Protein chains: 2
Amino acid sequence: MKTMETKTKIIQNPPRSRWSELLKRPAMDSEYLDQAVEDIFFAVKRKGDQALKDFTRSFDGVEPGELEVPSSLLADAEQRISPALRDAIQVAATNIRTFHLAQEFRSVEVETSPGVVCWQKAVPIQRVGLYIPGGSAPLFSSVLMLAIPAQIAGCSEIVVCTPPGKDGRVNPAILYAARLAGVTRVFTVGGAQAIAAMAFGTESIPAVNKIFGPGNQFVTAAKQAVQKLGVAIDLPAGPSEVLVMADETANPRFVASDLLSQAEHGPDSQVILVTTQRKLAEQTLEAMEEQLQLLPRKDTIRESLASCRLIVMDSVDDMVEMVNGYAPEHLIISMENSRRVSEDIVNAGSVFLGNYTPESAGDYASGTNHTLPTNGFARAYSGVNLDSFLKKITFQEITPRGLQGLGETLQQMATSENLEAHNLAVSVRLDALDKENPNGN
Amino acid sequence: MKTMETKTKIIQNPPRSRWSELLKRPAMDSEYLDQAVEDIFFAVKRKGDQALKDFTRSFDGVEPGELEVPSSLLADAEQRISPALRDAIQVAATNIRTFHLAQEFRSVEVETSPGVVCWQKAVPIQRVGLYIPGGSAPLFSSVLMLAIPAQIAGCSEIVVCTPPGKDGRVNPAILYAARLAGVTRVFTVGGAQAIAAMAFGTESIPAVNKIFGPGNQFVTAAKQAVQKLGVAIDLPAGPSEVLVMADETANPRFVASDLLSQAEHGPDSQVILVTTQRKLAEQTLEAMEEQLQLLPRKDTIRESLASCRLIVMDSVDDMVEMVNGYAPEHLIISMENSRRVSEDIVNAGSVFLGNYTPESAGDYASGTNHTLPTNGFARAYSGVNLDSFLKKITFQEITPRGLQGLGETLQQMATSENLEAHNLAVSVRLDALDKENPNGN
């Protein structure tokens, strides 16, 4: 009965041949969005701010005011949120700052051959744009997650675009987080038009070098489109996911709450339990039913749980292999040897160890970033981190003696690749050195 | 007269308003390629190896043999190249290895709040695919530049795809470099079909998680297309570029050879000199004419030099600003205070300092990577480096006391974002801890 209500099924020891079908994500088809995004890009390119205001009127259904949020509103945002929320944002900001500061890059200078010195230098990306979605809730936590590392990196311009609320304004919690995290300018504009504005620039909004942040399918399609125009993006985006690995030491009520908290993100959220214990799976299912009654977003959660899978496996090694194959965005390991098991994880966005590390902690305030690779992208992508706001330039400096030592290698390789001007660039220099010092001393 | 031959012009002190027009790159239009790439993808997905062989027959004009190069051919490649080339490849490999080894990631574990521990772990991307173009020359240097960091990172599968030469085979210099650098498998297939094979997998070729390497416009369009399928790529690609900054201490013959060596890459190569000295620009132009006579690729070079710009500027500060605006792939600084000037460079792929550091050195053997951001992408992208073959997973582990300390922050934030299940995931745990220890000790 209860199983029917959420449509969640327990699957016992699926054969390896069924794994990929079992863990299949919904296919994303952005093609039908591409034309819409192209039209929006065309309008923003041609009409700039006016296009943004027109789209705000038609898409957000509010009368647009000034695009830029005046600095006075940023300055007094603190007064317009509760002291409890202000304190919470401050704690989160401190932890996020601490963890991302620890990621600072230390340049190493290396003499690869005598007289040949090479090094890397990390340089902030100058102008970054952060997209913060609107919708049912003000995602001030995403402001912290994106702006704090940008500020640590030293980006000179940190722009936020976010859609207006129903009152036409930006929520003060977003403004407070922006101010606390060093955002330089905030604009009230959302959707694909905001991405276009940050890519092309308008009268009000500066063009940026890289665009970050989550968003709906139009925003995602727009971010994909700007890549072709030379603007970098943080990550390709898909629906959010959690996979929980659990053994007999896990608490089914905790596991249930973690699955539900992922499910409440949206009807397409992916929610998976892989456990060694059939009994734990059953108890988790019961606890989910109970807890569901307490939650306001019941309908969203039920819809999401229709694709929830609770998988029982005999072997921990198989569990690990299955998890690495799936490459979850969030991975919770509630097992006796969580740390030990985590050492074998090679594909995941962010990992939560033990019974007292809910995903909520990483979503908000443990210090790790919550902008993570979904949709299996964890196989090749890191989540957002300090590096996401830096690029590394390489340098090399060669002394005359260094070039004399390396010259023959360079010439041999250039000639073998039929690049004779590359060879010449070495030989003109070696000839000049020979003339300066014909005895080779 | 000589100026006319290469069509290169000297531009004196252009006003700031003209800079962007002056440094405009040719627009890339990949749209007409997209359909061709889509057709190729469809065929490879449906017919696998057979499609690859059909394309080899029609595009490369050779009768396809086995797709995979047998390991015996890899093993004896050393015997089929000259000892001088073998030695040169070894020197280059050693320097590249030394520099990329120095980039190894050191994980830091941070306690962000009492009982809240976070860390990053660098994990190799498991399967990587390296595309090595064919054409007029065997680009074995690109094999070294891509496979050596992949090997250092610890990627478990390093696949190379490269088109057959006119004899239907892969050049032994490529095979030798591949073997030396730890490539696991080499396949004789080129073009967009090779990118499709590495993205989807075929009977012979394994699907990979990330694809690296240069290529023609079809390869570039194919790499852009696989990103939408969840396969990562190294960098968006465009024509190669060099910008030389020079003052009175530069040698016009050296500068000329650097400009020519960039020009020989192809007719769309971008070649720019920015100097404080009108006389140096004139002497460089003369030296280019002279050196051009010595070079086999005269026609390519002349075509490329049609868009070459020699710019004379009075102010070094303006030069730096112009260079940062352009964001060159390669930047040579031949100035009295090259290091000092280089400290102000914020947008460039790789920088070459002084009179004895030709771009050829970085192309082959100084140790830095030659896979670099073109087309202004240096504003937001690093060149390929060790990090390109790793992803960083974040971890967090919170003690019961840690969660009790952070709990209120998490709950406050979750509630303010209307995510009550996120709140619940914390409260079920805090309630359990209260029950265990009702006095809070």
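Everything below is about the structure printed above this text.
What counts as what
- Residues numbered from 1 in each chain as written.
- Chains lettered and ligands numbered in written order.
- Predicted model: local features only at pLDDT ≥ 70, side-chain atom pairs only at ≥ 80, totals over all residues.
- Heavy atoms only, no water.
- Contact = heavy atoms within 4.5 Å.
- Buried area = accessible area lost by both parts, 1.4 Å probe.
- Salt bridge = Lys/Arg side-chain N within 4 Å of Asp/Glu carboxyl O.
- Polar contact = N/O pair within 3.5 Å; in protein donor to acceptor, adjacent residues only side chain to side chain.
- Helix = DSSP H or I, 4+ residues; strand = E, 2+ residues; numbered from the N terminus.
- Pairing = 2+ DSSP bridges.
- 1 Å grid on protein atoms, 1.4 Å probe; cavity = no way out; pocket = protein on both sides within 12 Å on 5 of 7 lines; lining within 4 Å.
- Points joined across faces, edges and corners; volume = space filled by probe spheres on them.
- Nonpolar A, V, L, I, M, F, W, Y, C, P; charged D, E, K, R; others polar.
- Axes fitted to C-alpha atoms, helices over the stretch in contact; angles between N-to-C directions.
- Buried < 20%, exposed > 50% of the residue type's maximum accessible area, 1.4 Å probe, protein only.
- Lys, Arg positive; Asp, Glu negative; His and termini not counted.
- Phe/Tyr/Trp six-rings, centres within 6.5 Å; stacked < 30°, edge-to-face > 60°.
- Lys NZ or Arg CZ within 6 Å of the ring centre and 35° of its normal.

A. Looking closely at the interface of chain A and chain B. Counting residues at the interface gives 122 residues for chain A, matched by 122 residues for chain B. Interface area lost by chain A to chain B is led by Y356(A), Q396(A) and R429(A), which between them contribute 8%. If you look at where chain A meets chain B, you find 10 salt bridges. In this structure, D34(A) engages K228(B) in a salt bridge whose closest nitrogen and oxygen atoms are separated by 3.2 Å. Counting across the chain A and chain B interface gives 66 residue pairs in polar contact (both at pLDDT 80 or more). The dominant element in the side of chain A that touches chain B, judged by the number of residues it contributes, is helix α18 (residues 420-436) of chain A, at 11 residues. Of the strand pairs in this sheet, strand β13 (residues 350-353) of chain A and strand β14 (residues 390-398) of chain B are connected by 4 bridges, and their pairing is parallel. Each residue of the ladder has a partner; that of S350(A), found in β14(B), is T394(B).

B. Region of interest: the layout of surface pockets. All names here are of chain B. If you add up the space inside the second largest pocket, you get close to 590 Å³. Taken together, 33 residues line the second largest pocket, and the ones lying closest to its centre are P164, G165, D167, R169 and V170. Counting residues per element, the ones that place at least two in the lining of the second largest pocket are α4 (49-60) and α8 (172-180). When residues of the lining of the second largest pocket are assigned to their parent elements, the largest contribution, 3 residues, is made by α8. In terms of residue class, the lining of the second largest pocket is built from 15 nonpolar, 10 polar and 8 charged.

C. Up close: the sheet that holds strand β5 (residues 157-162) of chain B. Residue and element names in this part refer to chain B. The strand order β6-β5-β4-β7-β8 describes an open sheet built from 5 strands, whose pairing is parallel. The open sheet has two edge strands with one neighbour each: β6 (185-188) and β8 (232-233). Inspection of the sheet shows β5 paired to β6 by 4 bridges, in the parallel sense. Bridge pairing in β6 links V160 to V186. Running at roughly 175° to strand β4 (residues 127-131), helix α9 (residues 191-200) makes contact with β4, β5 and β7 (210-212) of the sheet.

D. The arrangement of the sheet that holds strand β11 (residues 309-312) of chain A in detail. A sheet is described by the order of its strands in space; here 9 strands give the open sequence β1(A)-β11(A)-β10(A)-β9(A)-β12(A)-β13(A)-β14(B)-β3(B)-β2(B), paired in mixed fashion. Strands at the two margins of the open sheet, each flanked by one partner only, are β1 (9-12) of chain A together with β2 (109-113) of chain B. Pairs of neighbouring strands in the sheet enclose a mean axial angle of 20°, with direction left out of account. Two strands pair when backbone bridges link them, and strand β12 (residues 330-334) of chain A and β13(A) are joined in this way by 4 bridges, in the parallel orientation. Paired with H330(A) across the strands is S350(A), a residue of β13(A). Here helix α12 (residues 278-292) of chain A sits on the sheet and contacts β1, β9 (241-246), β10 (270-275) and β11 of chain A; the angle it forms with β1(A), its principal contact strand, is near 175°.

E. Up close: the side chain of D49(A). Residue and element names in this part refer to chain A. On the secondary structure map, D49 appears in helix α4 (residues 49-60). One buried charged side chain, D49, makes no salt bridge at all; its nearest oppositely charged neighbour is K53, positioned 6.3 Å away. A polar side-chain atom of D49 sits 2.6 Å from a polar atom in the side chain of T202. Residues within four places of D49 in sequence aside, it is in contact with L67, T202, E203 and S204.

F. Quick peek at the packing of aromatic side chains. One pass over the full model with this rule turns up 12 aromatic pairs over all chains. Ring centres 5.5 Å apart and planes at 90° place the aromatic pair F41(A) and F200(A) in the edge-to-face group. Of this pair, F41(A) sits in helix α3 (residues 31-47) while F200(A) sits in helix α9 (residues 191-200), and the two are 159 residues apart along the sequence. A relative accessible area of 26% means that F200(A) is categorised as partly exposed. Directly above the aromatic system of W119(B) lies the positively charged group of R339(A), at a separation of 4.0 Å from the ring centroid.

Keep in mind these values describe shape, not function.
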